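Chains, contacts and geometry: an overview
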Amino acid sequence: MVATFAGISFAQKNTESEAKVEKNQFAYNILTSVSYERGIGNKTTLRLSGPITAGVLFSKSSITINDYHHEESEWGYSVRPALDMQIRHYYDLNKRLRKGKKVAHNSGNYIAGVIGAAGPSILKSDNVYVADFTLTVGAMWGIQRNYGERFMMNVGIGPGVSFYDSTTEFTPVGGITLGFRLGK
């Protein structure tokens, strides 16, 4: 009877366990930046990244005068100093834990509020305009996954608003990063 009671108690304890985010996590994101993610709640983190960002840019313009119509589009790139801050809420950690999926090192789906600032370009293509200073705010849905001991992938997308050169415009926020966790 004691063994049965212990078995019931153990099973009950496992069903009540709750997944929590990591307290501190550093990462090197290949080619662009380092990031620090700090747990500020059971499922919420503050993530800071910088000091460099790289991006692929797309520009499209068109003009119509009477019967004449002309469109032009161009792709470009930019590398510039930048800082990014996100407040992330990992909403599916318990569901992943119940299904036996990995939740260590904040491996899960999240929603985030994002604010980012970028300075003058260090390197850029000549065919696309890049403002000297840009401030962007937005919201993002994303996934973060960890593979093996150190490798991590992060994918996010959402709507945002950018402010630059006395201009305000809608812009997508997010991106894809591949990197390695640093430390323990």
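So, a few notes on the structure that sits alongside this text. (Residues numbered from 1 in each chain as written. Predicted model: local features only at pLDDT ≥ 70, side-chain atom pairs only at ≥ 80, totals over all residues. Heavy atoms only, no water.)

**Observations concerning unusual backbone geometry**
With glycine set apart, most residues show a phi of negative sign, and most peptide bonds adopt trans. Formally: In this description a helix means any DSSP run of H or I spanning at least four residues, a strand means any run of E spanning at least two, and both kinds are numbered starting from the N terminus.
Put simply, Gly50 and Pro51 share a cis peptide bond, and its omega is 5°. Within the element layout of this structure, Pro51 appears in strand β3 (residues 44–65). For His105, which is not glycine, the phi torsion reads 60° and is therefore positive. Summarising the element assignment, His105 is placed in the loop between α2 (93–98) and β5 (108–118). In this model, Ser166 sits at a positive phi of 60°, which is unusual for a non-glycine residue. You can see Ser166 is positioned in the loop between β8 (151–164) and β9 (167–182).

**Side note on empty space enclosed by the protein**
A probe matching the size of a water molecule, rolled over the atoms, marks out where space remains unfilled. For clarity, the threshold we go by: Of the grid points, spaced at 1 Å and generated over the protein atoms alone, those admitting a 1.4 Å probe that cannot get out make up cavities, while open sets with protein on both sides within 12 Å along at least five of seven lines make up pockets; any residue with an atom within 4 Å of a point is treated as lining. Grid points are joined across faces, edges and corners, and a volume is the space filled by probe spheres set on the points. Each residue is assigned to one of three groups, with Ala, Val, Leu, Ile, Met, Phe, Trp, Tyr, Cys and Pro labelled nonpolar, Asp, Glu, Lys and Arg labelled charged, and all others, Gly among them, labelled polar.
The full count for this structure, using the stated rule, is 2 cavities of 30 Å³ or more. As for the largest cavity, its lining consists of Ala27, Asn29, Ser35, Arg47, Gln144, Met152, Met153, Asn154, Thr177, Leu178 and Gly179. A breakdown of the residues in the lining of the largest cavity according to their chemical character gives 4 nonpolar, 6 polar and 1 charged. Its boundaries defined by the atoms lining it, the second largest cavity holds a volume of some 30 Å³. As for the second largest cavity, its lining consists of Gln25, Phe26, Ala27, Ser35, Glu37, Arg47, Gln144 and Met152. Sorting the residues of the lining of the second largest cavity by element identifies β1 (24–29) and β2 (33–39) as the ones contributing at least two each. Here the element with the most residues in the lining of the second largest cavity is β1; it accounts for 3 residues. The residue inventory of the lining of the second largest cavity, partitioned by class, reads 3 nonpolar, 3 polar and 2 charged.

**A word on the nonpolar core**
The test is simple: Nine residue types can take part in a nonpolar core, namely buried Ala, Val, Leu, Ile, Met, Phe, Trp, Tyr and Cys, and a core is a set of them joined through side-chain atoms within 4.5 Å. Burial classification: accessible surface area is computed with a 1.4 Å probe over protein chains only, and a residue below 20% of its type maximum counts as buried, one above 50% as exposed, and the rest as partly exposed. Whether two residues touch is decided by their heavy atoms; if any such pair falls within 4.5 Å, the residues are in contact.
Counting 10 residues, the largest nonpolar core is built from Ala19, Val21, Tyr90, Leu93, Val103, Tyr110, Ala112, Val114, Met140 and Val173. Tallying contributions element by element places β5 first for this core, with 3 residues. Setting aside residues no more than four positions away along its own chain, Leu93 makes contact with Ala19, Lys20, Val21, Lys43, Val103, Ser107 and Gly108.

**So, the pairing of strand β4 (residues 68–90)**
Formally: One requirement defines pairing of two strands: DSSP has to find at least two bridges between them.
Note that β3 and β4 share 20 bridges and pair antiparallel. Paired with Leu46 across the bridge in β4 is Ile87. The turn linking β3 back onto β4 is made up of 2 residues, and Asn66 within it adopts a positive phi angle of 50°. Across 2 bridges, the pairing between β4 and strand β6 (residues 123–124) is antiparallel. Bridged to Ser78 within β6 is Lys124. Relative to β5, β4 runs antiparallel, the two sharing 9 bridges. Residue pairing in the sheet places Asp84 in a bridge with Gly116 of β5.

Just distances and angles here, no functional claims.
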